[in-house]
Amino acid sequence: MKLTKKAMFSLSVFTLFGFSGIAYLILAFSDEIEYFNMFQHDQLLTSVAVGLGFGAFAAAAGILLLKLPLLRETNTFYTSLFKGLDLHWTDIFFYSLCAGVGEEILFRGALQPLMGLWVAAILFVLLHGYISSKDWKKSIYGVFLILVSAGFGYLTLYFDLYAAMAAHFIFDVIMFFKLKKDAHLGPSENDF
């Protein structure tokens with residue numbers, strides 16, 4: 001599968017607006033949860049700072065995990081998706097912002113209160129295709145991402161949705177830059 005910037009842009013816009021719309025529709029049928037209540041906050045700066053810290057820590061752990069010899073093929077698979085895709089830093093920030101906002105509104109804002117934190121975290125990873133019955137090494141990384149996704153859920157639970165959005169945003173920014181760098185270096189230069 002080869003990604004293009006046009007496809008990435010379209011997916012990002014859909015993630016931001018489409019996922020938010022799906023969350024709105026889901027919550028329209030809920031008597032317990034109001035859509036706009038998910039955007040309430042007490043200490044926005046604290047939430048965002050904690051979220052950025054968690055997301056950066058999770059991304060660093062993810063990078064270390066992908067450097068393990070066992071996951072070399074998994075790292076190569078994800079890197080190959082970005083081969084030849086000339087991403088500017090503004091592209092990376094835009095894609096990450098759309099995913100961080102849209103996906104968190106749907107998974108943490110709408111689905112988590114209805115399905116539970118862990119079910120929403122597992123569903124998030126399953127829908128992204130990180131768990132594979134044909135590739136157990138890829139699934140190891142998927143299990144790690146379930147824990148990260150659950151972390152986003154706990155950020156929402158103990159802080160607010162903005163903490164999860166910030167964590168998701170910075171996680172994606174760091175991982176995009178890592179994949180861009182690895183795709184640019186090529187397999188021989190990326191070996192450890």
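So, how was this worked out
- Residues numbered from 1 in each chain as written.
- Predicted model: local features only at pLDDT ≥ 70, side-chain atom pairs only at ≥ 80, totals over all residues.
- Heavy atoms only, no water.
- Helix = DSSP H or I, 4+ residues; strand = E, 2+ residues; numbered from the N terminus.
- Buried < 20%, exposed > 50% of the residue type's maximum accessible area, 1.4 Å probe, protein only.
- Lys, Arg positive; Asp, Glu negative; His and termini not counted.
- Salt bridge = Lys/Arg side-chain N within 4 Å of Asp/Glu carboxyl O.
- Contact = heavy atoms within 4.5 Å.
- Patch = residues over 30% accessible without salt bridge, like charges linked within 9 Å, V, L, I, M, F, W, Y side chains within 5 Å.
- Areas by Shrake-Rupley, 256 points an atom, 1.4 Å probe, with all protein chains shown as cover.

Asks: Could you give an account of the side chain of D172, naming the residues involved and the relevant values?
Replies: Tracing the sequence through the fold places D172 in helix 7 (residues 161-185). This buried residue, D172, is left without a salt bridge; R108 holds the nearest opposite charge, at 9.6 Å. Residues contacting D172, with those up to four places away along its chain left out, are S96 and A99.

Asks: Which residues make up a nonpolar patch on the surface, and what are the values?
Replies: Nonpolar side chains collect at one region of the surface, where V50, W118, I122, L126, I131, V143, L147, Y154, L157, Y158 and F159 lie side by side and expose about 1000 Å² of accessible area between them. Mapped onto the nonpolar patch, the elements with two or more residues apiece are helix 5 (117-128) and helix 6 (136-158). The leading source of residues in the nonpolar patch is helix 6, at five residues. Mapped onto the elements of the fold, I131 is located in the loop between helix 5 and helix 6. On the accessibility criterion, I131 (31% relative accessible area) is partly exposed.

Asks: Could you give me a rundown of the pattern of salt bridges, with the residues and numbers involved?
Replies: Under the defined criterion, the tally for this structure stands at three salt bridges. The closest approach of N and O atoms between D91 and K5, which form a salt bridge, is 2.9 Å. Of the two residues, D91 is situated in helix 4 (residues 89-115) and K5 in helix 1 (residues 5-28); the sequence distance between them amounts to 86 residues. Measuring nitrogen to oxygen at the nearest pair gives 2.7 Å for the salt bridge that ties R108 to E104. Of this pair, R108 and E104 are both found in helix 4, four residues apart, which corresponds to roughly one turn of the helix. With relative accessibility at 2%, the residue R108 sits in the buried group.

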